[in-house]
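Next come the chains, spelled out residue by residue.
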Amino acid sequence: MKKLDVQMYMDTVKTVEPYYKLKDDGSTIDTPLEVYEALEKFGHTSFRPGQEKAIMRILSGKSTLVTLSTGSGKSLCYQLPAYLYSKREPCISLIISPLVSLMDDQITGIAKFLKAGCLHSNQTKSQREKILEAISLGELSVLLVSPEAVVAGEKKSGFGSFLRKLPPIAFACIDEVHCVSQWSHNFRPSYLMICHVLRENLGVKTILGLTATATRATRDSIIEHLQIPDGHDGVIGDVPLPENLVLTVSRDGNRDQALLGLLTSERFSDCKSIIVYCTRREECERVSSFLRTALQSDRPLPTDPSTNKKRKRFNIQAEPYHAGLSASRRRSIQNAFMSGELKIVVATVAFGMGINKADIRAVIHFNMPSSFESYVQEVGRAGRDGLPAQCHVFLDPLGRDENELRRHIHANSIDRHVIRKLLQKVFLPCSCKGQCPKHEVAFSIEKSVRELDIPEENISTLLCYLELHDQKYIQLLSPAYTHCKIISYGGPLQIRKLAKDCPPLAMALALHKSSARDDPNVLEFPVVDVASAMGWESGICKHKLKNLEWTTVNNQPKRSPMNVQLSDLGFRLLAPGNLLNDQLDEALDTLHRRVGGQEQKALMQLRAIHKTLREVAKPTYRSCLEEVEGDRTIKTKVREYFDSEDPLSVCGEMEAKPFDEEVVVKDVRALVSMYRDNSFTGRSVARIFHGIQSPNYPAVIWGRCRFWRSHIDKDFHQIVKIATREIIKLR
Ligand SMILES: Nc1ncnc2c1ncn2[C@@H]1O[C@H](COP(=O)(O)OP(=O)(O)OP(=O)(O)O)[C@@H](O)[C@H]1O
């Protein structure tokens, strides 16, 4: 929404007063009877730890962070207040959840008396319209939406427009709220903006954050984002890792055989639903077919000691699951696993986000997890029913897993000169004197991705950082088409004739005159250039231009001989054009520091978990079959990590391991001379050597090059340095 629209919208928004008043000292009142009655309505006789406090805080209008382990009953913390608020007055509670593919399932899980609906981009138009109608009729008490839908709320039409139709919002709940701070930098840029939009654009005062994993540092940053009035006192949490999980680690030389041994051992053989996590897609495929073959062999049937009868032959089916599979294949594998038909899923971490299967009995990390945060989240998918569940990590004795995970981290780092190029697209020079009111800027997403050689998501993130910067450098607008092509079937004269009544067309013609033009019947131009030359908003220009396709004959609308095509979706924003060089440098430094900081942090998180797992790992899986006293050590260490003021201090100094430069130098030269047409940078060479794909160097093509992944064991930044130096020498 634009500022003015926001103001108008905010003026019409009726705010919802807290359900209960706070005591004079700012604390919540004692829990009234009606809250217990509501609890009973949800089918429970008593609160689980943390629930009562969270519910009373939300009913008293105090923003709160709930960090409870998976399966501990976090949903009630928003469902019960939503129920009471909606009983008192017409209002809605907004639940922001990143799990778009599972929203429909989440709705099914909500008690029927609490009218809930969801809005997401995977719905058909008619499904969406039905929900919108229910919203406008005030029939819904709870609405689940994706973070993107909330942030896209500035659009006048389309997906984001529903925000204007909402009844007063009682409170908002952000699920997986750690995304605000932890991996949001590349996971979902929109998470960075949510709190801002909720507060500024939707007038939400109370926000509830839910997560299963948050270190102290993450909690600190969530407290800041949610503006929790009483800081850490407003955090309700338990120690991650439920007691029913049995955790072990081993560092077997032959992991395939060890995995097989583990699965057929007494500890795991009765587990009916198992997730095996691998880092790479290829590994998922390989391990699942290995398991299928190995587990379905005609081995003699084991005897069941209780009945003394031969047990049924293993009916194990293992299937891979990763982002490289088609959506329908992924869905059918997920469904088979959920229904219990499929026993083992060998998956990348893409599997499991929001999987709500209470009886997953085991989670095995065939490759080590990338941080304690991911570890806790991934093992937390097992044993949600509270019954014992088995978890095991295989640690590569040679540390190759760590290299593999490091690749993923480096994939998101960005060169300083690339950030500078992006800033040049954002801050276009203008001639404003004094404070610039900010101009509309739009640039093609596709072209920028190619030019900067970084994915769209990373560009969005950088733009979000600029918007959230203290200086509020820019204001992001929703993406829009940037290019206009007008084809006149009535010849060039027709274009000029219509230009008389269509100022944007006249301006396009004027601007276009100076450039060479091949076909006189065709006029092509960037819409924002025309808009800014006129001082109009590009949306209005596009509307006027699109209207050229219609004419009125005898008071009837009729197609004109013009065809107006809008194309090339672009990032769109408002930015000042007269920033001083110092300010530009500052913006550049901030972004570069932030990206570098994220990379450094992820590397340290990886190192922290690797170091700890190495300390607790048994030499082989066999030592983990019966005695599980190691379990205690792991749990203590994980808890220490989450409670520590400075959890990453366990890593010590990060030093790159020295390596033989000569080999790398030789390979850089060979690569550059082999592919002369490519304008390599130090980073693009390092990415190839580490097997990291980018928009201009996709794995499907470069994966065939002999240098792909050839130096994965060497420090990425050292390779960037060496390659940059060699490329300059070769020029
Ligand atoms: N007070 C309670 N008494 C008994 N059972 C409860 C209570 N609160 C919640 N539950 C039950 O606990 C189970 C898990 O709850 P829920 O799905 O809310 O967990 P969660 O913390 O949101 O998990 P996740 O992290 O996976 O989202 C549900 O079956 C729910 O009905």
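Predicted model, so just to flag it, every value in this text is computed and none were measured.

Quick notes on the rules
Residues numbered from 1 in each chain as written. Predicted model: local features only at pLDDT ≥ 70, side-chain atom pairs only at ≥ 80, totals over all residues. Helix = DSSP H or I, 4+ residues; strand = E, 2+ residues; numbered from the N terminus. Rg over C-alpha atoms; globule rule 2.2 N^0.38 Å. Contact = placed C-beta atoms within 7 Å. pLDDT = per-residue confidence, 0-100. Pairing = 2+ DSSP bridges. Axes fitted to C-alpha atoms, helices over the stretch in contact; angles between N-to-C directions. Parallel < 35°, antiparallel > 145°, perpendicular 65-115°, else oblique. Left-handed = near helix turned anticlockwise from the far one by under 90°. Nonpolar A, V, L, I, M, F, W, Y, C, P; charged D, E, K, R; others polar. Expected span 1.5 Å × (residues − 1). Buried ≥ 20, exposed ≤ 12 C-beta atoms within 10 Å, placed from the backbone. Core = buried A, V, L, I, M, F, W, Y, C linked by C-beta atoms within 7 Å.

The next point concerns the overall build of the chain. Of regular secondary structure, the chain possesses 28 helices and 21 strands. In terms of overall dimensions, the chain is globule-like: its C-alpha atoms have a radius of gyration of 29 Å, near the 27 Å expected for 731 residues. Along the first, second and third principal axes, the C-alpha set of the chain runs to 95 × 75 × 50 Å. Contacts in the chain between residues far apart in sequence, at least 24 positions, make up 77% of those at least 6 positions apart.

Okay, the confidence of the model for the chain next. With 90% of its residues at a pLDDT of at least 70, the chain reaches an overall mean of 86. Low pLDDT (under 50) marks residues 1-7, which in the prediction has 6 contacts with non-local residues, meaning those over four places away or in another chain. Taken together, the stretch residues 297-302 has pLDDT below 50 and engages in 4 contacts with residues farther than four places along the chain or on a different chain. Interface scoring of the predicted complex returns ipTM 0.97; its pTM is 0.75.

Note that strand E16 (residues 439-444) and strand E21 (residues 562-575) share 6 bridges and pair antiparallel. Bridging from a neighbouring strand, Ser 444 pairs with Gly 570 of E21. Here strand E17 (residues 475-488) pairs with E21 via 11 bridges, running antiparallel. When the sheet's bridge partners are listed, Cys 484 is paired in E21 with Leu 566.

Let us now look at the sheet that holds strand E6 (residues 207-211). The 7 strands are arranged E3-E4-E2-E5-E6-E1-E7 in an open sheet whose pairing can be described as parallel. With one partner strand each, in any of the chains shown, strand E3 (116-119) and strand E7 (235-237) form the two edges of the open sheet. Between one strand axis and the next, the sheet turns by 20 degrees as a mean value, whatever way the strands run. The pairing of strand E1 (residues 64-67) with E7 spans 3 bridges and is classified as parallel. Directly across from Thr 67, in E7, lies its bridge partner Gly 237.

Right, let's get into the packing of helix H26 (residues 682-690) against helix H28 (residues 716-730). Where H26 meets H28, the axes come as close as 7 Å, and the angle between the chain directions of the two elements is 130 degrees. Relative to H28, H26 is oriented oblique. Taken as a pair, H26 and H28 cross one another with a handedness that is right-handed. Between H26, through Gly 682, Arg 683, Val 685, Ala 686, Phe 689 and His 690, and H28, the contact on the second element is made entirely by Phe 716, Ile 719, Val 720, Lys 721, Ala 723, Thr 724 and Ile 727. Considered class by class, the residues forming the contact of H26 with H28 number 8 nonpolar, 3 polar and 2 charged.

Attention shifts here to H28. For H28, with 15 residues, the first-to-last C-alpha span of 21 Å sits near the 21 Å given by 1.5 Å per residue. Taken together, the buried positions of H28 are occupied by Phe 716, Ile 719, Val 720, Ile 722, Ala 723 and Glu 726. For H28, the secondary structure elements touched by its buried residues are helix H15 (400-410), helix H25 (661-674) and H26.

To continue, consider the environment of Gly 399. Within the secondary structure, Gly 399 sits in the loop between strand E15 (389-394) and H15. Each C-alpha atom of the pair Gly 399 and Asp 713 lies 9.3 Å from the other, and the pair is 314 residues apart in sequence.

Of all hydrophobic cores here, the largest spans 116 residues; its most connected members are Leu 143, Ile 169, Ala 172 and Ile 194. Setting aside residues up to four positions removed in sequence, Ile 194 forms contacts with Ile 96, Pro 147, Val 150, Val 151 and Ile 174. Ala 258, Leu 259, Ile 609 and Cys 624 belong to the second-largest nonpolar core, a separate cluster that totals 59 residues.

This brings us to the packing of H15 against helix H23 (residues 581-616). Contact geometry of H15 with H23 gives a least axis separation of 10 Å together with a crossing angle of 160 degrees. Between H15 and H23, the angle falls in the class roughly antiparallel. Of the two possible hands of crossing, H15 and H23 adopt the one that is right-handed. Residue-level inspection shows Glu 402, Leu 405, Arg 406 and Ile 409 of H15 in contact with H23, the latter providing Glu 599, Ala 602, Leu 603, Leu 606 and His 610.

Here we take up the environment of Gln 475. Locating Gln 475 in the fold gives a position in strand E17. In this structure Gln 475 comes out as partly exposed when scored by C-beta crowding, with 15 C-beta atoms within 10 Å. Here the alpha-carbon distance between Gln 475 and Arg 572, two residues 97 residues apart in the chain, equals 8.9 Å. Setting aside chain neighbours within four positions, we find Gln 475 in contact with Lys 438, Glu 467, Leu 573 and Leu 574.

Here helix H3 (residues 51-59) lies mainly inside the structure; 8 of its 9 residues are buried. Taken together, the buried positions of H3 are occupied by Gln 51, Glu 52, Ala 54, Ile 55, Met 56, Arg 57, Ile 58 and Leu 59. Where H3 is buried, its residues contact helix H2 (33-41), E1, helix H4 (76-88), strand E5 (169-174), E6 and E7. Looking one or two places after H3, you find Gly 61, whose phi comes out positive at around 75 degrees.

What follows concerns the sheet that holds strand E9 (residues 274-277). Strand order in the open sheet made by the 6 strands is E8-E15-E14-E9-E13-E12, with parallel pairing throughout. A strand with exactly one partner marks an edge of an open sheet, and here the two such strands are strand E8 (245-250) and strand E12 (318-321). The sheet shows a mean angle of 15 degrees between the axes of neighbouring strands, taken without regard to direction. Judged from the 4 bridges that link them, E9 and strand E13 (residues 344-347) form a sheet pairing that is parallel. Within E13, the residue paired with Ile 275 across the bridge is Val 345. Along the sheet face, helix H12 (residues 281-295) touches E9, E12 and E13 and points at about 175 degrees away from the line of E12.

This part is about the environment of Gly 61. Looking at the element boundaries, Gly 61 is found in the loop between H3 and E1. With sequence-adjacent residues up to four places away left out, Gly 61 is seen in contact with Pro 18, Lys 205 and Thr 206.

So, about the pairing of E9. Side-chain alternation along E9 places Ile 274 and Val 276 on one buried face and Ile 275 and Tyr 277 on a second face that is also buried. Here 4 bridges tie E9 to strand E14 (residues 362-365), and the two strands are oriented parallel to one another. Each bridged residue has a counterpart across the sheet, and for Ile 274 the counterpart in E14 is Ala 362.

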